[in-house]
Amino acid sequence: MDSEHRFRKRKLKGTSSEFNHVPRKKHAVARAPHENEDGHESVALPSEVAAGNETSTLTFKELGIIESLCEACTALGYKTPTPIQKEAIPLALQGRDLIGLAQTGSGKTAAFALPVLQALMEKPQPYFSLILAPTRELAYQISQAFEALGSLINVRCAVLVGGMEMVPQSIALGKKPHIIVATPGRLLDHLENTKGFSLRSLKYLIMDEADRLLDLDFGAIIDKILKVLPRERRTYLFSATISSKLETLQRASLSNPARVSVSSNEYQVVSTLLMYYMFVPFMHKDLYLVHLANEHAGQSAIIFTRTVNTTQRLAILLRSLGFGAIPLHGQLSQSARLGALGKFRARSRDILVATDVAARGLDIPSVDLVVNFDLPPDSKTYIHRVGRTARAGKSGKAISMVTQYDCEILQRIEAALGKKLKEFPSEREEVMVLGERVDEAQRLAIGEMKDLHDQRGTRGATLRGRRRPAGRRGRDDMDREEG
Ligand SMILES: Nc1ncnc2c1ncn2[C@@H]1O[C@H](COP(=O)(O)OP(=O)(O)OP(=O)(O)O)[C@@H](O)[C@H]1O
Ligand SMILES: [Mg+2]
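Calculation notes
- Residues numbered from 1 in each chain as written.
- Chains lettered and ligands numbered in written order.
- Predicted model: local features only at pLDDT ≥ 70, side-chain atom pairs only at ≥ 80, totals over all residues.
- UniProt positions renumbered as here; feature names shortened; annotations may be inferred.
- Near = placed C-beta within 6 Å.
- Helix = DSSP H or I, 4+ residues; strand = E, 2+ residues; numbered from the N terminus.
- Nonpolar A, V, L, I, M, F, W, Y, C, P; charged D, E, K, R; others polar.
- Domains from an automatic or database assignment.
- Axes fitted to C-alpha atoms, helices over the stretch in contact; angles between N-to-C directions.
- Parallel < 35°, antiparallel > 145°, perpendicular 65-115°, else oblique.
- Left-handed = near helix turned anticlockwise from the far one by under 90°.
- Contact = placed C-beta atoms within 7 Å.
- pLDDT = per-residue confidence, 0-100.
- Expected span 1.5 Å × (residues − 1).
- Buried ≥ 20, exposed ≤ 12 C-beta atoms within 10 Å, placed from the backbone.
- Arc of directions from axis to C-beta.
- Pairing = 2+ DSSP bridges.

Under an unreviewed UniProt entry, the protein has the name Ribosomal RNA processing protein and belongs to Ramalina farinacea. Regarding the protein, the UniProt comment filed under Sequence similarities (unreviewed entry) reads as follows: "Belongs to the DEAD box helicase family. DDX47/RRP3 subfamily."

This is the structure in structure tokens:
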């Protein structure tokens, strides 16, 4: 029995050194890195290849991935590595720090999870790796990905996110998990308040959606976390929109990182995504939205809005017109947030109306359509929002509603994308026919919204808390600022 086969059935115990001899195959196509103008090493790569693309003939095994993890990939339906996996994994197995840029839905999670799990197999220990994510739902999803990929080795993960009770999380930490997936604010709370918990022996830090985590909103918290992590560690930064601005990256204190970039720039979308704009008079936005919902009835759609109020109002409006719509935003309780996402994933609801709390990272393969009811505040957010569809080689459609006030934002997005969006055809008369029914639903939605606001702060209320002055947000609630 070869050594790989032997530890396929083994369980990670936390301290065993029996896993030391993992044969590492050199990856046949790993290219010699060269310096780019930032002084970082980079790898020149082909672009425009989506996850699930079958043209790659390399296997995970040929990348140097051990048998038990290859088996888990097969069980998940991963036949061949995606381009980012093909490029990142060999460098990671060589022990390099990584900056990974690849389009939405292209398999970045496994690109960082597999090398971490493989290193964990070699030298199991508690608190081996920390994965930071900007939103709570994404943290849960990443933990599930680690558990699925590490299923044959019984990897133990703990999720530390705001909006959930501290005590069960402290108990989970007491069980010495190998992998911790956290949102920054809650992790810091645990580092400061949970007895016996420290990350002094951490080996791997991963920042998923790293550009978001390294932006100003999270700045102070991330700096505090970085201060208590050992400098002797591997660090991976991944995102679909990570620029090579040195100042940002230096903050994460990478050591001689390899930049692995499957996108040619930070504003690239996958070729299987069809993007449209629809010109809509501001006063008729609701009507046009209902028209779109009718046109796409039966399909699974995410509608993005700019505010919590609009999200809640549209969900009520659509529901009163008979659509299976459910809201997701940062003012819901965490169990309501997870519940909404769960129902949408399970397809018991076809429309998720969401703020930007759902813009990044969420992987829901069934999503056919993304609608920007409000245009996003910046082009990066546009890339992430529309990337909730057309994932893993699938096709998808994104329609952005543009009013007379939004032309400039649309132009900015088009300039960043380097292409013009096509106009989505709509017949004004067809839309206006819906007027009466939508008027009635709007009145109903306003009434329900008023009730929700009156109940706010009371037990069982759907909308939580009272409005807080800007800048006084609890660190636990960082992702509420996404709406
Ligand atoms: N090698 C593979 N073959 C087929 N499917 C894969 C492979 N690797 C990952 N996937 C699937 O592709 C989907 C997208 O992966 P993932 O969520 O990691 O994308 P991402 O690059 O992180 O996207 P985002 O930028 O939106 O976070 C997931 O459903 C995942 O299971
Ligand atoms: Mg991701």
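Still more to cover.
Colleague: Mind showing me how you'd approach the site of ligand 1 here?
Modeller: Taken together, 21 residues surround ligand 1, and among them Thr-104, Gly-107, Lys-108, Thr-109 and Ala-392 come closest. No other element matches the 3 residues that helix α4 (residues 108-122) contributes to the shell around ligand 1. Tallied by class, the residues present in the shell around ligand 1 amount to 8 nonpolar, 10 polar and 3 charged. Domain assignment of the residues forming the shell around ligand 1 places at least three in each of domain 1 (16-261) and domain 2 (273-455).

Colleague: What is the right way to read the packing of α4 against helix α5 (residues 136-149) from this model?
Modeller: Taken N-terminus to C-terminus, the directions of α4 and α5 make an angle of 50 degrees; their axes are 10 Å apart at the nearest point. Put simply, α4 runs oblique to α5. Of the two elements, α4 crosses α5, and the hand of that crossing is right-handed. In this structure, α4 contributes Thr-109, Ala-110, Ala-113, Leu-114 and Leu-117 to the contact, and α5 contributes Ile-142, Ala-145, Phe-146 and Leu-149. Tallied by class, residues from the contact of α4 with α5 come to 8 nonpolar, 1 polar and no charged.

Colleague: Teacher, can you tell me more about the confidence of the model for the protein here?
Modeller: Parts of the model with low pLDDT should not have their predicted coordinates read in detail. Of all residues in the protein, 83% attain a pLDDT of 70 or more, and the chain-wide mean is 87. In this model residues 1-11 is a low-confidence stretch, pLDDT under 50, and it forms 15 contacts with partners more than four residues away in sequence or in other chains. Low pLDDT (under 50) marks residues 13-54, which in the prediction has 82 contacts with non-local residues, meaning those over four places away or in another chain.

Colleague: For this particular structure, what's the right way to read the UniProt feature "short sequence motif: Q motif" (unreviewed entry) in the protein?
Modeller: UniProt feature "short sequence motif: Q motif" (unreviewed entry): in the numbering of this structure it lies at residues 58-86. Summarising residues 58-86: 45% helix, 0% strand, and an end-to-end C-alpha distance of 8 Å.

Colleague: Explanation requested: the environment of Leu-214 in the structure shown.
Modeller: Tracing the chain through its elements places Leu-214 in the loop between α8 (210-213) and α9 (219-227). When the C-alpha atoms of Leu-214 and Leu-249 are compared, they prove to be 8.0 Å apart, with 35 residues separating the residues in sequence.

Colleague: Would you take a moment to explain helix α13 (residues 334-345) for this structure?
Modeller: An α-helix turns once per 3.6 residues; consequently, residues spaced three or four apart project the same way. The terminal C-alpha atoms of α13 lie 16 Å apart, and with 12 residues this matches the ideal 16 Å at 1.5 Å per residue to within 8%. Regarding α13, the residues found buried are Arg-337, Ala-340, Leu-341 and Phe-344. For α13, the angular spread of the buried residues around the axis is 90 degrees, confining them to a single face. In the core, the buried residues of α13 are packed alongside α5, β12 (325-328) and β13 (351-354).

Colleague: Looking at this structure, I do not really get the pairing of strand β8 (residues 234-239). What am I missing?
Modeller: As a general feature of sheets, a regular strand has side chains that alternate between the two faces. Across the 6 residues that make up β8, a large majority, 6, are buried. By the alternation rule, side chains of β8 split into Arg-234, Tyr-236 and Phe-238 and Thr-235, Leu-237 and Ser-239, which are all buried. In this sheet, β8 lies alongside strand β3 (residues 98-101) in parallel orientation, the contact comprising 4 bridges. Pairing of Gly-100 across the sheet is with Phe-238, part of β8. Bridge count between strand β7 (residues 204-208) and β8: 5 bridges; the pairing is parallel. Residue pairing for β8: Asp-208 is matched across the bridge by Phe-238.

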